[in-house]
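Single-letter residue listing:
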Amino acid sequence: MEGNASRAEHGIGLMDTAMEQVPAIEAIGVTKVYGHGQTEVIALNDVTLRVARGEVVALLGPSGAGKSTLLTAMALINPPTSGQIIIGGELVMDGEDAKIDLRTFRRKHLGFVFQKANLIPFLTALENVQVALEINDTPAHAARERAMYLLDHLGIGDRAGNLPDALSGGQQQRVAVARALANNPSLILADEPTAALDSHRGRQVMELFAQVAHESNAGVIVVTHDVRALEVFDRIVEMEDGRLLAPSEHTGAGTH
Amino acid sequence: MNLAVRDIRHNFSRFAFTTVGIGLLLMVVMGMAGIYRGLIFEATLLVDRIGADLWVVQGNTRGPFAELSRIPVNLEDRVRALPEVIRARRFVNHSIQREHHGKPLRLMVQGLAWPDDKGEWVSLVAGRPLGQAHFEMVADRSLGLALGEQVTFGKDVYRVVGLTTGMSGIAGDGLAFFTVSDAMAIQFDTPSEAIRLERAARLARTGNQDFGRAQPLLLERAGGASSGISELPQPQVSAILVSLNPSADVNKIISTLSTWSDVTVYTAQQQRDLLLSGTVDKSRRQLGLFSVLLIIISTIIIALIMYTLTLDKIHDIALLKLIGARNRVIVSLILQQALIMGAFGYGLAWWLGQYLFPYFPRRVMLETPDLIKLAMITVLISMLASLLGIWKAMRVEPNTVLA
Ligand SMILES: Nc1ncnc2c1ncn2[C@@H]1O[C@H](COP(=O)(O)OP(=O)(O)O)[C@@H](O)[C@H]1O
Ligand SMILES: [Mg+2]
């Protein structure tokens, strides 16, 4: 509990500075409707969420609440039906309209981690990280060094030359995390990244996100079901039926 | 980092099998071009090597290769009498098929106007040129005859005294060189019984007529060899080869010969063109059509394999898009694989060809311009074949990664 308290204080301190900053991401009045008529599903219903730089937010909610839809909308791979997405102060999506080249933007500013590691099977662990750097115009040699640094940092430097097939689920997921962090993104989005991991590994990954957020001042949003690791988050946001619950409606991290 | 090569390494066996298949197809295409060159080479070998400036053939014919040409041997002397003509030779050339050691032996009989033409233009790999007027032959190696071997044609036995290599006629049969008179003897060989009957018939016809009965000498001649009867037509040859003084005005001699109503004259180049437009042209089109078909098939195979290879990694391509890879990265991944497949297929085709083509029954000649052309075609079809995969890759949405 002491650890949580100090984490909370630390978090508050960060929040103070974050307030003066431009938020890492703002989703304003975002609505997403799938299908029409009989099959219409309102997956997001007027959702507004701001995440500051350096802030680590957990997104909780039952299955079908719309968490993945919100995350992919913010990740610029699933355009909202209406509402705005502003990243680093720049209006990126206005309804379904992209205001900039999304792929370039993703490459430069966003990092993703998914439930599955989604590594490229014909590339080694090192190359899976390296490729993210190289497509962002990092020279091969520098890309290699940074990829190696990240893998070392994540404790899998010794597996750098292995293909994904030869890695355990946890190791694969850590490679995916390294890939997400490779280009120093200003926003990291993770959708149930620890679902395939045991609780110890899961917690390690969560702590890593927190560490990166604090060290490199990136906003982090993590969708998770794992209530055991919640104390690493600065803030917890809950969703239900396509809406965010008011802060009073959810219980704080400290009580878990 | 090269994604194409890494994916190939990962999918090596499938890639290798397809490449081998493409390689074999390209080898056949390469072989087609080579066979065509070989056809031209074989068809024109004689005309090119025999070194005649003019070909005098039967009037109004395109002989002796495109059609039958028959002219009397004494034309040789008439031509020789022209100014500036330094040499006139009879041309006798025909294909025969005989049994030899129980196996069919097909050869093209080429007469040499011995002793005038001893066959200096035929390069020997073993033995010696013809040394006597009869019963010797110089054979091409492809006929499988050994030096000193005896072969029976008609009523005579010929001995192989020299061997050549790479000398074959229009139909691809190996050439065998004889003196002109031997070549004619082989050509006009008639069974003894037929000759005996012919002589008996002549004797009977002459004996039934007054002048036959009145002149015993005539009767005696009628029952003998046909060459002894001046009234019978002289033996004929296919053409007369004319060599001119290097300083001679060719056109003037041609116009002189053109006034002879019983012959037609061609330059060596015209003879060459006649050969190619007649015999070779249809084969060329045939081979060309096959090549085009095979190239289309190769394109389809590469396209299908590129498509399935792309489908196999469509998830990875979506991921690349998701993490922001430019289209260039994805296009070059597919394009490079197609090009690598084409390049290795081509290399394999060439390499295999070096070993296999010499065993083909007809000459296969790989010429650099043809090889370059096929290389460019391979690059082109590889690019074309990658379009389907590229199209598929361009359409995939990055969020399919999440599905
Ligand atoms: N591509 C889609 N087409 C139609 N409906 C979808 C699609 N994706 C999600 N949904 C629906 O939207 C709602 C929210 O889904 P999702 O965002 O995946 O929820 P969560 O991630 O919280 O489980 C669900 O009712 C789901 O069935
Ligand atoms: Mg989900």
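Source: prediction; values computed, not measured.

K.L.:
Just give me the short version of the overall build of chain A, but keep the residues and values in it.
P.N.:
For chain A, the count of helices and strands is 7 helices and 11 strands. Within chain A, contacts between residues separated by at least 24 positions form 69% of all contacts whose residues are at least 6 apart in sequence. Summed over its atoms, the accessible surface of chain A is roughly 11,000 Å², and 50% of this surface lies on carbon and sulfur atoms.

K.L.:
Can you tell me about the overall build of chain B, naming the residues and giving the values?
P.N.:
Counting its secondary structure elements, chain B contains 12 helices and 13 strands. For 403 residues, the compact-globule estimate of 2.2 N^0.38 gives 22 Å, and the C-alpha radius of gyration of chain B, at 32 Å, exceeds that figure by more than 25%. If one aligns the C-alpha atoms of chain B with their principal axes, the spans along those axes are about 120 × 50 × 40 Å. Among the 403 residues that make up chain B, the fraction classed as buried is 45%. Counting only contacts in chain B whose residues sit at least 6 apart along the sequence, the fraction spanning at least 24 positions is 76%. For chain B, the exposed surface amounts to about 19,900 Å²; the carbon and sulfur share of it is 60%. One way to put it: in chain B the 40 positive side-chain charges average out to a point 8 Å from where the 33 negative ones average out.

K.L.:
Can you lay out the packing of helix α1 (residues 3-10) of chain B against helix α11 (residues 327-356) of chain B for me, pointing to particular residues and giving the numbers?
P.N.:
Residues and elements named next belong to chain B. Closest axis-to-axis distance for the α1/α11 pair is 8 Å, and the angle between their directions is 55°. The angle between the axes of α1 and α11 places the two elements in the oblique class. In this structure, the crossing between α1 and α11 has a hand that is right-handed. Packed against α1, whose contacting residues are L3, A4, V5, D7 and I8, the element α11 presents V329, L333, Q336, Q337 and I340 at the interface. Residues belonging to the contact of α1 with α11 are distributed by class as follows: 7 nonpolar, 2 polar and 1 charged.

K.L.:
Before we move on, could you go through the site of ligand 1 and cite the residues and values that matter?
P.N.:
All names here are of chain A. Taken together, Y34, V41, A43, P62, S63, G64, A65, G66, K67, S68 and T69 make up all the residues around ligand 1. G66 places a polar main-chain atom, nitrogen or oxygen, 3.0 Å from an oxygen atom of ligand 1. Burial of ligand 1 by the surrounding chains reaches 58%, relative to a free accessible area of 550 Å². Looking at the shell around ligand 1 element by element, the count peaks at 3 residues for helix α2 (residues 67-74). Looking at the shell around ligand 1 residue by residue, the classes come out as 5 nonpolar, 5 polar and 1 charged.

K.L.:
Give me the lowdown on the confidence of the model for chain B, citing residues and values where you can.
P.N.:
All names here are of chain B. Averaged over all residues, the pLDDT of chain B equals 87, while 98% of them reach at least 70. Mean pLDDT per element in chain B: helix α6 (residues 210-214) is the minimum at 75, and α11 is the maximum at 95. At the level of chain-chain contacts, confidence expressed as ipTM amounts to 0.85, with global pTM at 0.79.

K.L.:
Describe the sheet that holds strand β13 (residues 263-267) of chain B, naming the residues involved and giving the relevant values.
P.N.:
Residue and element names in this part refer to chain B. Pairing is antiparallel in the open sheet, where 4 strands are placed in the order β3-β12-β1-β13. Each end of this open sheet is capped by a strand with a single partner; those strands are β3 (85-91) and β13. In this sheet, neighbouring strand axes are inclined to one another by 25° on average, regardless of whether the strands run parallel or antiparallel.

K.L.:
Tell me about a nonpolar patch on the surface, and please be specific about residues and values.
P.N.:
All names here are of chain B. Judged by side-chain polarity, W350, W351, Y355, L356 and F360 come together as a nonpolar surface patch covering roughly 520 Å² of accessible area. When you line up the elements, F360 lands in the loop between α11 and α12 (368-395). Residue classification places F360 among the partly exposed residues on the basis of a relative accessible area of 33%.

K.L.:
Residue-level account of the sheet that holds strand β6 (residues 97-98) of chain A, with values.
P.N.:
Residue and element names in this part refer to chain A. Reading across from one edge, β2-β1-β4-β5-β6 is the order of the 5 strands in this open sheet, with antiparallel pairing throughout. With partners counted over all chains shown, the strands left at the sheet margins are β2 (41-51) and β6, one partner each. Bridge analysis of strand β1 (residues 25-34) against β2 gives 7 bridges, and the strand direction is antiparallel. When the bridges of β2 are listed, V30 appears paired with V47.

K.L.:
So, the interface of chain B and chain A: which residues are in play, and what are the values?
P.N.:
Interface size is commonly expressed as the accessible surface area that is lost when the partners come together. Counting residues at the interface gives 24 residues for chain B, matched by 24 residues for chain A. For the pair chain B and chain A, the summed buried area comes to about 2,300 Å², and 62% of that belongs to carbon and sulfur atoms. Seen at the junction of chain B and chain A, the total is 2 salt bridges. Across the salt bridge formed by R6 of chain B and E127 of chain A, the nearest N and O atoms sit 2.5 Å from each other. The leading source of residues in the side of chain B that touches chain A is helix α10 (residues 314-322) of chain B, at 6 residues. Here the side of chain B that touches chain A is built from residues that sort into 13 nonpolar, 5 polar and 6 charged.

K.L.:
Mind laying out the side chain of T164 of chain B, listing which residues take part and the relevant values?
P.N.:
Residue and element names in this part refer to chain B. With respect to the element layout, T164 can be found in strand β9 (residues 156-164). Assessed through its relative accessible area of 0%, T164 is described here as buried. One polar contact links T164 to D140, side chain to side chain, over a distance of 2.9 Å.

K.L.:
Can you break down α12 of chain B residue by residue, with the values?
P.N.:
End to end, α12 of chain B covers 41 Å across 28 residues, agreeing with the expected 40 Å (1.5 Å per residue, within 8%). The largest bend along α12 of chain B measures about 35° and falls at L387 of chain B.

K.L.:
For the packing of aromatic side chains, give the residues involved together with the corresponding values.
P.N.:
Residue and element names in this part refer to chain B. Within this structure, the stated rule accounts for 11 aromatic pairs over all chains. Grouped by ring-pair contacts, the aromatic residues F135, F153, Y158 and F178 constitute a single cluster. Geometry around W260 places R78 over its ring, the cationic atom sitting 4.6 Å from the centre.

K.L.:
Provide a residue-level description of the environment of R201 of chain A, including the pertinent values.
P.N.:
Residues and elements named next belong to chain A. Note that R201 resides in helix α7 (residues 199-216). Overall, the relative accessible area of 31% leaves R201 in the partly exposed class. When the C-alpha atoms of R201 and R174 are compared, they prove to be 9.3 Å apart, with 27 residues separating the residues in sequence.

K.L.:
Explain the nonpolar core to me, using residue names and the numbers behind them.
P.N.:
Ranked by internal contacts, the top residues of the largest apolar core, which has 159 residues, are M74, L76, I87, L151, F209 and I221 of chain A together with W55 of chain B. When residues in this core are grouped by element, the largest group, 16 residues, is from helix α2 (residues 12-50) of chain B. The two domains that each donate at least three residues to this core are domain 1 (3-43 + 280-402) and domain 2 (49-278) of chain B. Excluding its chain neighbours within four sequence positions, the residues that come into contact with L76 of chain A are I85, I87, V92, M93, L102, F105, R106 and L110 of chain A. One finds L82, A176, V242 and V263 of chain B within the second-largest nonpolar core, a separate group that totals 41 residues.

K.L.:
Give me the domain arrangement of chain B: which residues, what numbers.
P.N.:
Residue and element names in this part refer to chain B. Assigned domains within chain B: domain 1 (3-43 + 280-402) and domain 2 (49-278). Computed from C-alpha coordinates alone, the two centres of domain 1 and domain 2 are separated by 51 Å. The partner domain 2 presents 12 residues to the 9 residues of domain 1 that form the contact. Of the roughly 800 Å² buried where domain 1 meets domain 2, counting both sides, 46% is carbon and sulfur surface. Per-residue buried area on domain 1 facing domain 2 is highest for E42, A43 and V280; these three make up 48% of the total on that side. There are 0 salt bridges connecting domain 1 and domain 2. Counting the contacts that link domain 1 with domain 2 gives 3 residue pairs in polar contact (both at pLDDT 80 or more). Top contributing element to the side of domain 1 that touches domain 2 by residue count: α2, with 4 residues.

Basis of the calculations
- Residues numbered from 1 in each chain as written.
- Chains lettered and ligands numbered in written order.
- Predicted model: local features only at pLDDT ≥ 70, side-chain atom pairs only at ≥ 80, totals over all residues.
- Heavy atoms only, no water.
- Helix = DSSP H or I, 4+ residues; strand = E, 2+ residues; numbered from the N terminus.
- Contact = heavy atoms within 4.5 Å.
- Areas by Shrake-Rupley, 256 points an atom, 1.4 Å probe, with all protein chains shown as cover.
- Rg over C-alpha atoms; globule rule 2.2 N^0.38 Å.
- Buried < 20%, exposed > 50% of the residue type's maximum accessible area, 1.4 Å probe, protein only.
- Lys, Arg positive; Asp, Glu negative; His and termini not counted.
- Charge placed at Lys NZ, Arg CZ, Asp CG, Glu CD.
- Axes fitted to C-alpha atoms, helices over the stretch in contact; angles between N-to-C directions.
- Parallel < 35°, antiparallel > 145°, perpendicular 65-115°, else oblique.
- Left-handed = near helix turned anticlockwise from the far one by under 90°.
- Nonpolar A, V, L, I, M, F, W, Y, C, P; charged D, E, K, R; others polar.
- Near = heavy atom within 4 Å.
- Polar contact = N/O pair within 3.5 Å; in protein donor to acceptor, adjacent residues only side chain to side chain.
- pLDDT = per-residue confidence, 0-100.
- Pairing = 2+ DSSP bridges.
- Patch = residues over 30% accessible without salt bridge, like charges linked within 9 Å, V, L, I, M, F, W, Y side chains within 5 Å.
- Salt bridge = Lys/Arg side-chain N within 4 Å of Asp/Glu carboxyl O.
- Buried area = accessible area lost by both parts, 1.4 Å probe.
- Expected span 1.5 Å × (residues − 1).
- Bend = angle between axes of the 7 residues up to and from the residue.
- Phe/Tyr/Trp six-rings, centres within 6.5 Å; stacked < 30°, edge-to-face > 60°.
- Lys NZ or Arg CZ within 6 Å of the ring centre and 35° of its normal.
- Core = buried A, V, L, I, M, F, W, Y, C linked by side-chain atoms within 4.5 Å.
- Domains from an automatic or database assignment.

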